[in-house]
Every structure is written in C-alpha cells, then in structure tokens.
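What follows is the residue order along each chain.
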Amino acid sequence: FETVELERNIKPDLVETLMKSLEKKQKELEIKNRELLEKNKLLEEAQKKLESQYRERISSEKLSTLSELASSIAHEINNPLAYVMSNMMRINDYFVRAQQLITILIGQDRLTPQVSEAMRRTDWNLIQKDFPEIVKEVHEGLQKVRGIVKDLSFITGKSSDEEKSSVDLNQV
C-alpha cells in the first residue's frame, strides 16, 4: 500500500530530471571509460617500448662486455706471441749459422772423428732435413694465432695499426 502511495507522490518532472541526470552521468561514464581505455592503450605501448629499449640495452651491454673480454684476450695473447715469433726467427738464424759452420768444416776437410761421431749420434742429416720444415710449420701456426688476434682486435674495434699514428717530426 505504501509503495503505490509513494509512486503517486513522485512528480513526473522529478522523474524526468532524474532520468536525464542518470543519462548524462551514464554518457560521462562512457566518455571516461573510453578515455581510460585510450590511456591504458598508450601505457601498454609505452611499456612495450620500454621493454624493447631494456632488451636492446642489455644486448648492448653484453656486446660491450664481450668486446672488452676479446680485447683483453687479444692483448694477453699478442705479447707472448711477439716474443715467440721473434725467438723463432732467432732460432732459425742460429740453425742456419750452425749449418753453415758444419758445411765449412766438411768443405775444408776439418771434420774430425769426434765431430763425425757427434753428427751421427744427433742424426744430423735428419735434423738438417727436418728443422727447416719444423720452423716453417711453427711459423705458420704462429701466423694463424696472429690472425686470430687480429680478428679479435677487429671485432673489438681496436687494432695495433689504429693505435699507431704518423707524426711529422718537423712540426714537433
């Protein structure tokens, strides 16, 4: 009974005003909802962009670290390599000199029985034949190592050629 009486007491203007107000609020909510959806979309795009930049940065830092490591390895290999290559040249030179000395001794008939015996015990003929080939193979191996070091230096962007620069002494 009270509900019917309450409905009679509500004025139609009030109902219409309430309806318009509700419709207006509903439209405002729809607009706000679209705005929020658009902002959410922009935030998702920004998040994807940040994630991509983060991955690129991590990749860049990994490459930088790898480059530093390669540079250090190249440097650590290059120093002893230079010593070994220099010493191999000296060893080869010493062998050539010893070979020349023995050839001179043989040519002058100064080959004593002791020298002949020493040459036999050391298998001089085999040494004379094998030594140049061994030196050549060692040199080739060292050249390969040098190539690897150059490749490492190229990868890192540092090379011994770049570190050297020409200087005009007249201008100094």
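In the block above lies the structure referred to throughout.
The structure displayed is predicted, hence computed values, not measured ones.

(A) Structural detail: the overall build of the protein. Helices and strands together make up the secondary structure of the protein, namely five helices and zero strands. What you see in the protein, going N to C, is helices and strands ordered as α-α-α-α-α. Buried positions account for 11% of the 172 residues belonging to the protein. Counted over contacts in the protein with a minimum sequence separation of 6, partners at least 24 positions apart contribute 85%. Per element, the accessible surface of the protein, about 15,400 Å² overall, is 57% carbon and sulfur.

(B) Summary view of the nonpolar core. Core analysis: the biggest nonpolar cluster contains ten residues, these being Leu81, Met85, Met88, Phe95, Ile102, Met119, Trp124, Phe131, Val135 and Leu142. Breaking this core down by element, the ones donating at least two residues are helix 2 (12-107) and helix 4 (124-156). Per element, the largest residue contribution to this core is five residues, and it comes from helix 2. Contact partners of Met119, with chain neighbours within four places excluded, come to Ile102, Ile106, Leu111 and Trp124.

(C) Just the packing of aromatic side chains, in detail. A complete count under the given rule lists two aromatic pairs for this structure. Ring centres 5.7 Å apart and planes at 40° place the aromatic pair Phe95 and Trp124 in the tilted group. With Phe95 in helix 2 and Trp124 in helix 4, this residue pair connects regions lying 29 residues apart in the sequence. With a relative accessible area of 11%, Trp124 lands in the buried category. Following the ring pairs from residue to residue traces out a cluster consisting of Phe95, Trp124 and Phe131.

(D) Inspection of unusual backbone geometry at higher detail. Positioned with a positive phi, Asp123 is a non-glycine residue whose angle comes to about 55°. Secondary-structure assignment places Asp123 in the loop between helix 3 (113-121) and helix 4.

(E) Spatial organisation of the pattern of salt bridges. Inspection of the entire model under this criterion finds six salt bridges. Arg120 is paired through a salt bridge with Glu117; the nearest N and O atoms lie 2.5 Å apart. One end of the pair is Arg120 and the other is Glu117, both in helix 3 and three residues apart, which spans about a single turn. Overall, Glu117 belongs to the partly exposed group, its relative accessible area being 30%. Bridged by salt links that share partners, the residues Glu117, Arg120 and Arg121 form one connected network.

(F) Seen up close, the packing of helix 2 against helix 4. As a packed pair, helix 2 and helix 4 sit with axes 9 Å apart at the nearest point and diverge in direction by 160°. It follows from the interaxial angle that helix 2 and helix 4 lie roughly antiparallel. As helix 2 packs across helix 4, the resulting crossing turns out to be left-handed. For the contact of helix 2 with helix 4, a count of residues per class yields 21 nonpolar, ten polar and one charged.

Here is what the cut-offs are and how they apply
Residues numbered from 1 in each chain as written. Predicted model: local features only at pLDDT ≥ 70, side-chain atom pairs only at ≥ 80, totals over all residues. Heavy atoms only, no water. Helix = DSSP H or I, 4+ residues; strand = E, 2+ residues; numbered from the N terminus. Buried < 20%, exposed > 50% of the residue type's maximum accessible area, 1.4 Å probe, protein only. Contact = heavy atoms within 4.5 Å. Areas by Shrake-Rupley, 256 points an atom, 1.4 Å probe, with all protein chains shown as cover. Core = buried A, V, L, I, M, F, W, Y, C linked by side-chain atoms within 4.5 Å. Phe/Tyr/Trp six-rings, centres within 6.5 Å; stacked < 30°, edge-to-face > 60°. Salt bridge = Lys/Arg side-chain N within 4 Å of Asp/Glu carboxyl O. Axes fitted to C-alpha atoms, helices over the stretch in contact; angles between N-to-C directions. Parallel < 35°, antiparallel > 145°, perpendicular 65-115°, else oblique. Left-handed = near helix turned anticlockwise from the far one by under 90°. Nonpolar A, V, L, I, M, F, W, Y, C, P; charged D, E, K, R; others polar.

Without other data, these values stay purely geometric and don't point to any function.
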